[in-house]
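# Reading the structure
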Amino acid sequence: MCDLSNHLKRKITQMPALEVKYKNAALRVELDGNRSAALFINNIQRMQESLTTLPGTLRLSSSVQTDYEWHEFIEVIVTFDEKDITISLHASNSEIACETYPAQMDDDR
């Protein structure tokens, strides 16, 4: 599902989170155990959403200035299902990063 064959610098942290340095912007998507996702741009939280049912999809978005007088539309699509969580990060309608993580169970079911 995720295909990333470019030279972007990226780092996956433990919580699941996806960090990407894109042009002059530091982009980060963080997830928590309550099916919530937050989009950070240059360490400022721009948007947060929560999902109430599984499976489901969250969409987070914001614009960002990536160069002098140049702005891009950033969109995050987070897909939750019973087995996996996929984070897809887009800049101006092009995928720049995508990662899939195993879903973590909140209870013993």
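Reading guide: rules and limits
Residues numbered from 1 in each chain as written. Predicted model: local features only at pLDDT ≥ 70, side-chain atom pairs only at ≥ 80, totals over all residues. Heavy atoms only, no water. Pairing = 2+ DSSP bridges. Helix = DSSP H or I, 4+ residues; strand = E, 2+ residues; numbered from the N terminus. Axes fitted to C-alpha atoms, helices over the stretch in contact; angles between N-to-C directions. Core = buried A, V, L, I, M, F, W, Y, C linked by side-chain atoms within 4.5 Å. Buried < 20%, exposed > 50% of the residue type's maximum accessible area, 1.4 Å probe, protein only. Contact = heavy atoms within 4.5 Å. Polar contact = N/O pair within 3.5 Å; in protein donor to acceptor, adjacent residues only side chain to side chain.

Let's shift gears to the sheet that holds strand S8 (residues 84-91). Across the sheet, four strands lie side by side as S6-S7-S8-S9; this open sheet has antiparallel pairing. Each edge of the open sheet is held by one strand with a lone partner, namely strand S6 (56-67) and strand S9 (94-102). Going across the sheet, the axis of each strand differs from the next one's by a mean of 15°, ignoring polarity. The pairing of strand S7 (residues 70-80) with S8 spans seven bridges and is antiparallel. Along S8, the bridge assignment pairs Val76 with Leu89.

Turning our eyes to something else, we now look at the pairing of S6. The pairing of S6 with S7 spans eleven bridges and is antiparallel. Residue pairing across strands places Asp67 opposite Trp70, the latter belonging to S7. Remark: two residues form the turn of the hairpin made by S6 and S7, two consecutive strands paired antiparallel; Glu69 in that turn has positive phi of roughly 55°.

The subject of this paragraph is the nonpolar core. Formed by 25 residues in total, the largest nonpolar core has its most connected members in Leu27, Ile74, Val76, Val78, Ile87 and Leu89. Breaking this core down by element, the ones donating at least two residues are strand S2 (17-22), strand S3 (25-31), strand S4 (36-41), S6, S7, S8 and S9. With sequence-adjacent residues up to four places away left out, Leu27 is seen in contact with Leu18, Glu19, Val20, Tyr22, Phe40, Ile41, Ile74, Leu89 and Ile96.

Take the side chain of Glu72 next. Inspection of the secondary structure puts Glu72 in strand S7. One polar contact links Glu72 to Tyr22, side chain to side chain, over a distance of 2.9 Å. A distance of 3.3 Å separates a polar atom in the side chain of Glu72 from a polar atom in the side chain of Trp70. Once you skip the residues sitting within four places of it in the chain, Glu72 turns out to touch Tyr22, Lys23, Ser62, Ser63, Val64, Thr66, Ala91 and Ser92.

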